[in-house]
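Remarks on the overall topology
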Amino acid sequence: MFGNGEPWDRNRKLIRKALELPSFRPVLEDVIRHEMDMAFQNLETYDCTKPIKLGEAFLVPSINIIAGALRGAPLPPVSEERRALKSVAQDMIDCDFRSLLTKFSFKCPVAAKVLSKLLFTDLVDVRNTLNTLRDEIRKWVEEIRLLSAADDGALAAVKSSIIYSLLTEFGFTEVSEEKEAELVMTLNDMFIAGVTTVQSAFEFILMYLSKYPDEQKRAQEEVERVAGSGDLTWAMQEKMPFVWACILEGLRLAVVVPTFIPHVLTQDMKVDEYTLHKGTIGAFSLCSVHRDEKYFTEPELFDPMRHLEDGKIKQIHSYRPYGFGRRSCVGWDMANIELFLMTTSVLRSFDFWSADNIPPQNMEMKSCFAQHLKNFTCFVIRRSHQ
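Residues numbered from 1 in each chain as written. Predicted model: local features only at pLDDT ≥ 70, side-chain atom pairs only at ≥ 80, totals over all residues. Heavy atoms only, no water.

Scanning the protein chain from N- to C-terminus turns up 14 helices and ten strands. Taken across its 386 residues, the protein chain has 48% of its residues classed as buried. Considering only contacts in the protein chain between residues 6 or more positions apart, those separated by 24 or more positions represent 74%. In the form shown here, the protein chain has an accessible surface area of approximately 19400 Å², with 54% of it arising from carbon and sulfur atoms. (Helix = DSSP H or I, 4+ residues; strand = E, 2+ residues; numbered from the N terminus. Buried < 20%, exposed > 50% of the residue type's maximum accessible area, 1.4 Å probe, protein only. Contact = heavy atoms within 4.5 Å. Areas by Shrake-Rupley, 256 points an atom, 1.4 Å probe, with all protein chains shown as cover.)

Structural data, given as structure tokens:
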């Protein structure tokens, strides 16, 4: 994600190949359904007369969907791995990476603990968090490598995993300390980016639907008409244009990553009346592009219909939720599948409405690895037909 040079370029291509394998999508869909079912069971224990933080309720599924995709199967329902990964994800959400204290805690963790006590503030131990995640991923890599060597019945369960594909087909067959570190770092980046951004985007989508009940009802009707009570699949996405338009509009307004990774110009170029020279560092402001009145009428308004034309999804050139160029999100299609299946699962099973009257554009946010809603709460109730 933040690397450069030949190894970074090669690993990006290898990840794309693994995600594009025909065997991968069914595994991903199974993991998503499994995790959403578990989340729904957990929601049943909530007091429906009180508002809840719906984003937090779906943090664990977001974590375990990525973990399941990497290792080829969901994590055991009750396990130390689930607890550890939830702690990692929560730290990533709570951590303000722009803060000088956060940067200091990464370089001097012991001194940072003393400083946090003096300032009466909790600092995320970034170094320890990243080490915990690397240890878990390294363990999965070793487990799948051993299964590959044994080639017994247990191997079938992981053959469609990202880790297995990378170990056996795409460039990481060589066992060396350097290669191992490179693989773990690549998977580490994928986990952090995949969990925090998808969880944030999903929360924003639910927030907008909770404040636009007419759009929520129309989306629910489309899900019922297309899927009924059967399994929800990515193949249904084209048959649910309004649902997908709601997701696209949620992503447009969410601005999960307001400014993408900076680029460096490799040659001089002219933009309007400005001349930019080779070596200039520039950043792509998604917030500005997605709220440009030239392309989006009443840009602050949640309007799924702006993505539809004659009942079908239309392409909007200025719509770039996953960035652009070589630094665009490597797992964009995986994120799309997650958001579609997670959103349709909630729409089919629950009615939900905002616990406040705050306009969406005035909702308070916090900037961490990705941008998150700070205090979004809503009421949730199981739909009668469920």
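Further notes follow.
This brings us to the nonpolar core. Judged by nonpolar contacts, the single largest core of 103 residues is most densely connected at F58, I162 and F191. Counting residues per element, this core draws most heavily on helix α10 (residues 177–211), which supplies 16 residues. When sequence neighbours within four positions are dropped, the list of residues in contact with F191 reads I63, I66, A67, L70, L85, V88, L133 and I137. (Core = buried A, V, L, I, M, F, W, Y, C linked by side-chain atoms within 4.5 Å.)

A few words now on unusual backbone geometry. Unlike most non-glycine residues, D272 shows phi in positive territory, near 55°. By the element assignment, D272 lies in the loop between β2 (269–271) and β3 (274–276). Overall, the relative accessible area of 64% leaves D272 in the exposed class. Positive phi, normally seen in glycine, also occurs at E298, with a value near 45°. Mapped onto the secondary structure, E298 falls in the loop between α13 (286–290) and β5 (308–309).

Two faces, one strand: in a regular strand the side chains alternate between the faces of the sheet. The side-chain alternation of strand β7 (residues 350–354) yields one buried face, formed by F350, F352 and S354, and one unburied face, formed by D351 and W353. Across five bridges, the pairing between β7 and strand β10 (residues 378–382) is antiparallel. Its bridge partner lying in β10, W353 is registered against F379. (Pairing = 2+ DSSP bridges.)

The next thing to look at is helix α5 (residues 80–94). With 15 residues, α5 ought to run about 21 Å at 1.5 Å a step, and its terminal C-alpha atoms sit 21 Å apart, in line with that. Looking at α5, one finds that the buried residues are E81, R82, A84, L85, V88, A89, M92 and I93. Buried residues in α5 make contact with α2 (24–43), α4 (59–71), α8 (126–150), α10, β8 (365–367) and β9 (371–373). (Expected span 1.5 Å × (residues − 1).)

Before going further, it helps to spend a moment on the packing of α4 against α10. Two quantities define a packed helix pair, namely the angle between the axes and the distance from one axis to the other. Contact geometry for α4 and α10: axes closest at 9 Å, N-to-C directions at 150°. The interaxial crossing formed by α4 with α10 has right-handed handedness. Residue-level contacts link L59, S62, I63, I66, A67 and L70 of α4 to L187, M190, F191, G194, V195 and Q199 of α10. The residue makeup of the contact of α4 with α10, split by class, is nine nonpolar, three polar and no charged. (Axes fitted to C-alpha atoms, helices over the stretch in contact; angles between N-to-C directions. Left-handed = near helix turned anticlockwise from the far one by under 90°. Nonpolar A, V, L, I, M, F, W, Y, C, P; charged D, E, K, R; others polar.)

Another aspect to go through is the side chain of D356. Tracing the backbone through its elements, the reader meets D356 in the loop between β7 and β8. By relative accessible area, D356 is classed as buried at 19%. Within polar-contact distance, the side chain of D356 engages the backbone nitrogen of I358 at 3.0 Å. Filtering out sequence-adjacent residues up to four positions away, D356 remains in contact with K211 and M363. (Polar contact = N/O pair within 3.5 Å; in protein donor to acceptor, adjacent residues only side chain to side chain.)

The next point concerns the pattern of salt bridges. One pass over the structure, following the stated rule, counts 19 salt bridges. E29 is paired through a salt bridge with R33; the nearest N and O atoms lie 3.9 Å apart. Of the two residues, E29 and R33 both sit in helix α2, four residues apart, roughly one turn of that helix. Each member of the pair E29 and R33 is classed as buried. Members of the salt-bridge network, linked through shared partners, are R16, E20 and D333. (Salt bridge = Lys/Arg side-chain N within 4 Å of Asp/Glu carboxyl O.)

To continue, consider the packing of aromatic side chains. A full pass over the atoms with the stated rule returns nine aromatic pairs. With centroids separated by 6.3 Å and ring planes inclined at 90°, the aromatic side chains of F40 and F58 adopt a geometry described as edge-to-face. Taken together, the residues F40 in helix α2 and F58 in the loop between α3 (54–57) and α4 connect sequence positions 18 residues apart. Residue classification places F40 among the buried residues on the basis of a relative accessible area of 7%. Considering the side-chain rings of Y208 and F302, the 5.2 Å spacing of their centres and the 15° angle between planes classify their relative orientation as stacked. Of the two residues, Y208 sits in helix α10 while F302 sits in the loop between α13 and β5, which places them 94 residues apart along the sequence. Taken together, the ring pairs in this structure connect F40, F58, F202 and F350 into an aromatic cluster. Its end group placed over the ring of F242, R218 keeps NZ or CZ at 4.1 Å from the ring centre. The residue whose ring lies beneath R252 is F296, and the NZ or CZ to ring-centre distance is 4.8 Å. (Phe/Tyr/Trp six-rings, centres within 6.5 Å; stacked < 30°, edge-to-face > 60°. Lys NZ or Arg CZ within 6 Å of the ring centre and 35° of its normal.)

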